[in-house]
Amino acid sequence: METALHYDSKQKHLSFLLKESVTADPDIQLRFRGRLNTNTGDFDYHATAHKFFSSGPVVKESLTQPFRLGVGLGVSSSNSDEPFVAATATKQISLLEGEHTQLTAKARLELDPRSGKLVRGARVAVCRRFLDFTAHQDLQLAAGVDVDWPKAAKTAVGSSSGSSSSSSKPKADLYLSVRENNWGVHYRRGMWSLTYDL
């Protein structure tokens, strides 16, 4: 399991980030993400199991990957530990010459069938890797845009939906990331964070 220290400008508390991905089959993936706040003891998590359908073969060492659509189930602390239906879509393309610049477009959708709560998000980003940037250090730069739609839920019968039309518009935010061997500085959704891989 991957572990990292995390500090951001919102909570202003040191946290442990936990990440684990298990590929049970070339097209079946289990993913877990957790964060333990060392100050409050709060533990947030997000876990999913996806079955993937690809437009072509997946080559591990290549930056260009086929379009992949994943469908499955998930559970998270942000959804009151209740299960939800999950779907993802991803496409990766190698840019310029060599295998150092990559364009990634991905989207996700999560739906709680009982409450009707709907979470949608997407990101388009370009990543550039500089191997052997120094004698003992690699460097990775990424820049892009995060797009998030307001969380939607079932509305009561007979309620007016006119006032919600403006609030349903997606919001775009700048995404930036600078990483070296262990350290990382990130800016996402108007908040900066610092990470250190253990």
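The sections below set out a description of the structure shown in this document.

The rules behind each value
- Residues numbered from 1 in each chain as written.
- Predicted model: local features only at pLDDT ≥ 70, side-chain atom pairs only at ≥ 80, totals over all residues.
- Heavy atoms only, no water.
- Helix = DSSP H or I, 4+ residues; strand = E, 2+ residues; numbered from the N terminus.
- Contact = heavy atoms within 4.5 Å.
- Polar contact = N/O pair within 3.5 Å; in protein donor to acceptor, adjacent residues only side chain to side chain.
- Pairing = 2+ DSSP bridges.
- Axes fitted to C-alpha atoms, helices over the stretch in contact; angles between N-to-C directions.
- Salt bridge = Lys/Arg side-chain N within 4 Å of Asp/Glu carboxyl O.
- Phe/Tyr/Trp six-rings, centres within 6.5 Å; stacked < 30°, edge-to-face > 60°.
- Buried < 20%, exposed > 50% of the residue type's maximum accessible area, 1.4 Å probe, protein only.

1. Focus on the environment of arginine 68
So, step 1. Within the secondary structure layout, arginine 68 lies in strand β5 (residues 65–76).
So, step 2. Between the alpha carbons of arginine 68 and serine 54 there is a distance of 4.4 Å; along the sequence they are 14 residues apart.
So, step 3. Apart from the residues lying within four places of it in its own chain, the contact partners of arginine 68 are Pro26, Asp27, Phe52, Phe53, Ser54, Val58, Thr88, Ala89 and Thr90.
So, step 4. Engagement of the side chain of arginine 68 in a polar contact is seen with the side chain of serine 54, the distance being 3.1 Å.

2. Observations concerning the sheet that holds strand β3 (residues 28–37)
So, step 1. With antiparallel pairing, 12 strands are arranged side by side around a closed barrel as β1-β2-β3-β4-β5-β6-β7-β8-β9-β10-β11-β12. Sheet twist, expressed as the average angle between the axes of neighbouring strands with direction ignored, equals 20°.
So, step 2. Here 5 bridges tie strand β10 (residues 171–179) to strand β11 (residues 183–188), and the two strands are oriented antiparallel to one another. Residue pairing across strands places arginine 179 opposite glycine 184, the latter belonging to β11.

3. Digging into the side chain of aspartate 146
So, step 1. Residue position: aspartate 146 is located in strand β9 (residues 137–152).
So, step 2. Within polar-contact distance, the side chain of aspartate 146 engages the side chain of arginine 123 at 2.8 Å.
So, step 3. A polar side-chain atom of aspartate 146 sits 3.1 Å from a polar atom in the side chain of arginine 188.
So, step 4. Filtering out sequence-adjacent residues up to four positions away, aspartate 146 remains in contact with Ala122, Arg123, Lys171, Ala172, Asp173, Tyr175 and Arg188.

4. A closer look at the pairing of strand β7 (residues 101–111)
So, step 1. Pairing between strand β6 (residues 83–95) and β7: 11 bridges, direction antiparallel. Along β7, the bridge assignment pairs glutamine 92 with threonine 104.
So, step 2. Examined bridge by bridge, β7 and strand β8 (residues 118–134) share 11 bridges and lie antiparallel to one another. Each bridged residue has a counterpart across the sheet, and for arginine 108 the counterpart in β8 is glycine 121.
So, step 3. Counted between consecutive antiparallel strands, the loop separating β7 from β8 contains 6 residues, among which glycine 116 sits at a positive phi close to 80°.

5. Structural notes on the pattern of salt bridges
Between side chains of opposite charge, a pair can form as their charged atoms come close.
So, step 1. Summed over the entire model, instances satisfying the criterion amount to 8 salt bridges.
So, step 2. Among the ionic pairs, aspartate 27 bridges to arginine 68, the shortest N-O distance being 4.0 Å. Of this pair, aspartate 27 sits in the loop between β2 (15–25) and β3 while arginine 68 sits in strand β5, and the two are 41 residues apart along the sequence.
So, step 3. Between aspartate 197 and arginine 179 there is a salt bridge, with its nearest N and O atoms 2.5 Å apart. Of this pair, aspartate 197 sits in strand β12 (residues 191–197) while arginine 179 sits in strand β10, placing them 18 residues apart in sequence.
So, step 4. Salt bridges here are not isolated pairs; linked through shared partners, they connect Arg123, Asp146 and Arg188.

6. Here's the deal with the packing of aromatic side chains
So, step 1. If you walk through the whole model with that rule in mind, you get 4 aromatic pairs.
So, step 2. Measuring from ring centre to ring centre gives 6.5 Å for phenylalanine 32 and phenylalanine 43, while their planes differ by 25°; the resulting arrangement is stacked. Here phenylalanine 43 lies in strand β4 (residues 43–54) and phenylalanine 32 lies in strand β3, a separation of 11 residues in the sequence.
So, step 3. For phenylalanine 32, a relative accessible area of 24% corresponds to the partly exposed category.

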